[in-house]
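Survey of secondary and tertiary structure
In case you want the letters, here they are:
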There are 4 protein chains.
Amino acid sequence: MALSSDELNFLIFRYLQESGFSHSAFTFGCESAVSSLAISGPDVPPGALVSFLQKGLQYLELESNLNEAGTDVDGDFRLLTPHD
Amino acid sequence: MALSSDELNFLIFRYLQESGFSHSAFTFGCESAVSSLAISGPDVPPGALVSFLQKGLQYLELESNLNEAGTDVDGDFRLLTPHD
Amino acid sequence: MALSSDELNFLIFRYLQESGFSHSAFTFGCESAVSSLAISGPDVPPGALVSFLQKGLQYLELESNLNEAGTDVDGDFRLLTPHD
Amino acid sequence: MALSSDELNFLIFRYLQESGFSHSAFTFGCESAVSSLAISGPDVPPGALVSFLQKGLQYLELESNLNEAGTDVDGDFRLLTPHD
């Protein structure tokens, strides 16, 4: 299943609103024209962006922890590398 | 693995920049103070937010298409419901 | 007396805040770095930008209504020309 | 002559654009709906906001430098008081 641009922008817009980034939400609403989308707001559960991302990371971690034989290894998985 | 607020905000900031939403990126950079984060920009691959989300959706689709017996069924999976 | 850039930006910033343009005020505060200015907010009277502009227009109208002999004529003065 | 809200907002919008505050101009254009105004952009001379304000300050300085007898005094006139 592919994620359309509009769907992604709507998820981000909702995240900005839910997280108190009201100025960013306003500007993004204008710039992406997300508010004119035919997506039903109430149908999108709160925290949707975060929960989809967590699922994705869980899956990636799983993949990186499986070695070629398919056995579980204790891999080291980090999303972003802090800058020292 | 949990996704920190800072990591999430950085992924969104990068998405906004990469997708040409320059005004939203500017406002979000200010409002979330994401530009002062100790995350190394070059370490984050382009399109990171989108690829993590796609992974998450793939996983969710997989889960929704597995019935209780663990067999694959042809489930209907949609991220967002269009508003009629 | 010249109006410095910082002074002008501060007047605009205050106008945006006072007029309920909270998102614009936020973005302008960031972009112009006006919030870091060493100008004492309480010293600037409310509506300062508008009252200075009104003075300027009054003066310009006066000038445009005085003919060369210094007598008052009924001139036609408009700030902006509506677009037909 | 009174300055309408729309005229004032248009002058500010133009100032933001002309001064390189592109993000602020974008957000203000959305928030004030200034871009939908029936004002003809080309009719507004560049730097209009600044020149009107300068006129206003010139006038105010003139007024503050005239004492009651109508003679010119060397008054001290400052727009904004720096914060020490």
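The notes below deal with the structure included here. Computed from a prediction, not measured in an experiment: that's the story for all the values here. (Residues numbered from 1 in each chain as written. Chains lettered and ligands numbered in written order. Predicted model: local features only at pLDDT ≥ 70, side-chain atom pairs only at ≥ 80, totals over all residues. Heavy atoms only, no water.)

1. A short note on the overall build of chain A
Looking only at helices and strands, one finds three helices and zero strands in chain A. Listing the helices and strands of chain A from first to last along the sequence gives α-α-α. Scored against the burial criterion, the 84 residues of chain A give a buried share of 46%. Carbon and sulfur atoms form 51% of the exposed surface of chain A, whose accessible area is close to 4,400 Å². (Helix = DSSP H or I, 4+ residues; strand = E, 2+ residues; numbered from the N terminus. Buried < 20%, exposed > 50% of the residue type's maximum accessible area, 1.4 Å probe, protein only. Areas by Shrake-Rupley, 256 points an atom, 1.4 Å probe, with all protein chains shown as cover.)

2. Regarding the nonpolar core
Ile12 and Leu49 of chain A together with Ile12 and Leu49 of chain B are the most contacted members of the largest nonpolar core, which has 40 residues in total. Where this core is concerned, the elements lending two or more residues are helix H1 (5-18), helix H2 (22-32) and helix H3 (48-65) of chain A together with helix H1 (5-18), helix H2 (22-31) and helix H3 (48-65) of chain B. Ignoring anything within four residues of it in the chain, the contact list for isoleucine 12 of chain A reads Phe28 and Leu49 of chain A together with Ile12, Tyr15 and Leu49 of chain B. Leu3, Ile12 and Leu37 of chain C together with Phe28 of chain D belong to the second largest nonpolar core, which has 39 residues in total. (Core = buried A, V, L, I, M, F, W, Y, C linked by side-chain atoms within 4.5 Å. Contact = heavy atoms within 4.5 Å.)

3. Some thoughts on the side chain of glutamate 31 of chain D
Counting through the fold element by element, glutamate 31 of chain D comes out in helix H2 (residues 22-31). Although buried, glutamate 31 of chain D forms no salt bridge, and the nearest oppositely charged side chain, arginine 14 of chain C, lies 15 Å from it. Look past the residues within four positions of glutamate 31 of chain D in its chain and what remains in contact with it is Phe26 of chain A together with Gly20, Phe21, Ser22, His23 and Ser24 of chain C. (Lys, Arg positive; Asp, Glu negative; His and termini not counted. Salt bridge = Lys/Arg side-chain N within 4 Å of Asp/Glu carboxyl O.)

4. With respect to the environment of leucine 49 of chain B
For leucine 49 of chain B, the location among the structural elements is in helix H3. For leucine 49 of chain B, a relative accessible area of 2% gives the class buried. As for leucine 49 of chain B and phenylalanine 10 of chain B, which are separated by 39 residues in sequence, their C-alpha atoms are 9.3 Å apart. Filtering out sequence-adjacent residues up to four positions away, leucine 49 of chain B remains in contact with Leu8, Ile12 and Leu53 of chain A together with Leu11, Ile12 and Tyr15 of chain B.

5. Describing unusual backbone geometry
Backbone geometry follows two general trends: most residues other than glycine have a negative phi, and most peptide bonds adopt the trans configuration. Look at alanine 33 of chain A: it is not a glycine, yet its phi comes out positive at around 55°. Position of alanine 33 of chain A among the secondary structure elements: in the loop between H2 and H3.

6. Remarks on the state of the cysteines
Following the criterion strictly, the structure yields two disulfides over all chains and no others. With a sulfur-sulfur separation of 2.4 Å, cysteine 30 of chain A is cross-linked through a disulfide to cysteine 30 of chain D. Taken together, the residues span two chains, with cysteine 30 of chain A in helix H2 and cysteine 30 of chain D in helix H2. Looking at cysteine 30 of chain D, the relative accessible area reads 27%, which means it is partly exposed. (Disulfide = S-S within 2.5 Å.)

7. Points about the pattern of salt bridges
Scanning the model with the defined rule gives eight salt bridges over all chains in all. Between glutamate 63 of chain A and lysine 55 of chain B there is a salt bridge whose closest N-O contact spans 2.9 Å. Within this pair, whereas glutamate 63 of chain A is found in helix H3, its partner lysine 55 of chain B is found in helix H3, the two belonging to separate chains. Residue glutamate 63 of chain A is classed as partly exposed on the basis of its relative accessible area, which comes to 35%.

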